[in-house]
Amino acid sequence: DLLNPIIMKNLYTLSFTFLLASLMPAIVHAAKTIHHETNILIKGHVINEYDKVKHVKMNVYNNGKLLFSQQIVNGKFQYKIPTDIDVMLEFEAINHYTKRIAFSAPKLGESLEEIPTLVLTVQMYSRTAHPELKEIEDIMDFPSAFIRLDRNGNYFDLNKKQSDIVNNEIDEVLHSAIASS
């Protein structure tokens, strides 16, 4: 005996409704994931004492492992990082001292409606213009800042005291060189 076509249609409709209802949480989660940005956009430009540094290599490290490397042209860069990892941005250019900036964003989840873009101006020093900085190159090798994003969407230097010490040492060496010339 064949099932009544009306009963079959109702069974198909009921099966489809149960299938759709069981998939609804996944569909809603996917929609939230698509609309909620979980990456931080870091962008900016690299300068020295004269102008933009035209050819720079930007390396991005996590726990000492290279994640990404990019050649920067005309001094401008842009990169997205996940909010749940710490990275070290390293900027290298011919005849310039290497510049490093550490960055951390704790797992923010849904705590921020919108993650603000971090805009940086990376100051590099020319080796030819400032050979005197060679004497403190080991200090300059430390990150010049340890930037962190807090749960309120604010960026701040987590290690401001250390950053100030490094920057003051650079200023002192540069001022001494100017005074002695």
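Residues numbered from 1 in each chain as written. Predicted model: local features only at pLDDT ≥ 70, side-chain atom pairs only at ≥ 80, totals over all residues. Heavy atoms only, no water.

A. How the structure looks around the sheet that holds strand S5 (residues 86-92). Spatial ordering of the open sheet is given by S3-S2-S5-S6-S8-S9, a layout of 6 strands whose pairing is mixed. Two strands in the sheet have a free side with no partner beyond their single neighbour: strand S3 (65-73) and strand S9 (155-157). Here the average twist between neighbouring strands, direction ignored, is 20°. (Pairing = 2+ DSSP bridges. Helix = DSSP H or I, 4+ residues; strand = E, 2+ residues; numbered from the N terminus. Axes fitted to C-alpha atoms, helices over the stretch in contact; angles between N-to-C directions.)

B. Main features of the layout of surface pockets. Volume-wise, the largest pocket comes out at about 180 Å³. Taken together, 14 residues line the largest pocket, and the ones lying closest to its centre are Lys 99, Ile 101, Thr 121, Ser 144 and Ala 145. When contributions to the lining of the largest pocket are tallied by element, the ones reaching two or more residues are strand S6 (99-104), strand S7 (118-123) and helix H3 (160-180). Classifying every residue of the lining of the largest pocket gives 5 nonpolar, 5 polar and 4 charged. (1 Å grid on protein atoms, 1.4 Å probe; cavity = no way out; pocket = protein on both sides within 12 Å on 5 of 7 lines; lining within 4 Å. Points joined across faces, edges and corners; volume = space filled by probe spheres on them. Nonpolar A, V, L, I, M, F, W, Y, C, P; charged D, E, K, R; others polar.)

C. The arrangement of the pairing of strand S4 (residues 76-82) in detail. By the alternation rule, side chains of S4 split into Phe 77, Tyr 79 and Ile 81, which are all buried, and Lys 76, Gln 78, Lys 80 and Pro 82, of which none is buried. With 7 bridges connecting them, strand S1 (residues 39-47) and S4 associate as antiparallel partners. Residue Lys 43 lies in a different strand from S4, and its bridge partner there is Gln 78. (Buried < 20%, exposed > 50% of the residue type's maximum accessible area, 1.4 Å probe, protein only.)

D. Seen up close, the pattern of salt bridges. Tallied over the entire structure, the rule returns 6 salt bridges. Here the salt bridges share partners, and the residues they tie into one network are Glu 90, Arg 100 and Asp 141. (Salt bridge = Lys/Arg side-chain N within 4 Å of Asp/Glu carboxyl O.)

E. Examining the sheet that holds S1 more closely. Across the sheet, 3 strands lie side by side as S4-S1-S7; this open sheet has mixed pairing. With partners counted over all chains shown, the strands left at the sheet margins are S4 and S7, one partner each. Taken over all neighbouring pairs, the strand axes of this sheet differ in orientation by 25° on average, direction set aside.

F. Expanded view of the confidence of the model for the chain. Looking at the chain as a whole, its pLDDT mean stands at 80, while 76% of the residues score no less than 70. Here helix H1 (residues 5-35) stands out as the least confident element of the chain, with mean pLDDT 51; strand S2 (residues 55-62) is the most confident, with 94. Contacts of residues 27-36 to residues separated by more than four positions or lying in other chains number 4 contacts, the stretch itself having pLDDT below 50. (pLDDT = per-residue confidence, 0-100. Contact = heavy atoms within 4.5 Å.)

G. Main features of the packing of aromatic side chains. For the structure on display, the rule yields 3 aromatic pairs. On the basis of an interplanar angle of 25° and a centroid distance of 4.5 Å, the ring pair of Phe 68 and Tyr 79 is categorised as stacked. In this pair, Phe 68 is assigned in strand S3 and Tyr 79 in strand S4, connecting sequence segments 11 residues apart. With relative accessibility at 28%, the residue Phe 68 sits in the partly exposed group. (Phe/Tyr/Trp six-rings, centres within 6.5 Å; stacked < 30°, edge-to-face > 60°.)

H. Main features of H3. Look at H3: 30 Å from first C-alpha to last across 21 residues, which is about the 30 Å you get at 1.5 Å a residue. Along H3, the residues classified as buried are Ser 163, Val 166, Ile 170, Val 173, Leu 174 and Ala 177. Here the buried residues of H3 occupy an arc of 100° about the axis, which is enough to place them on one side. Opposite the buried face of H3, at more than 90 degrees from it, the exposed residues are Lys 161, Ile 165, Glu 172, His 175, Ala 179 and Ser 180. Taken together, the buried residues of H3 touch helix H2 (137-140), strand S8 (146-149) and S9. (Expected span 1.5 Å × (residues − 1). Arc of directions from axis to C-beta.)

I. Representation of the nonpolar core within the structure. Within the largest apolar cluster, 26 residues are counted, with the highest numbers of intra-cluster contacts made by Ile 42, Val 46, Phe 77, Phe 91, Phe 103 and Leu 120. Listing elements by their share of this core, those giving two or more residues are S1, S2, S4, S5, S6, S7 and S8. Not counting the four nearest positions on each side in its chain, Phe 91 is found in contact with Val 46, Val 56, Lys 57, Met 58, Ile 72, Phe 77, Thr 98, Lys 99, Ile 101, Val 122 and Met 124. Counting residues in each nonpolar core, the second largest holds 9 residues, with Tyr 97, Tyr 125, Val 166 and Ile 170 among its members. (Core = buried A, V, L, I, M, F, W, Y, C linked by side-chain atoms within 4.5 Å.)

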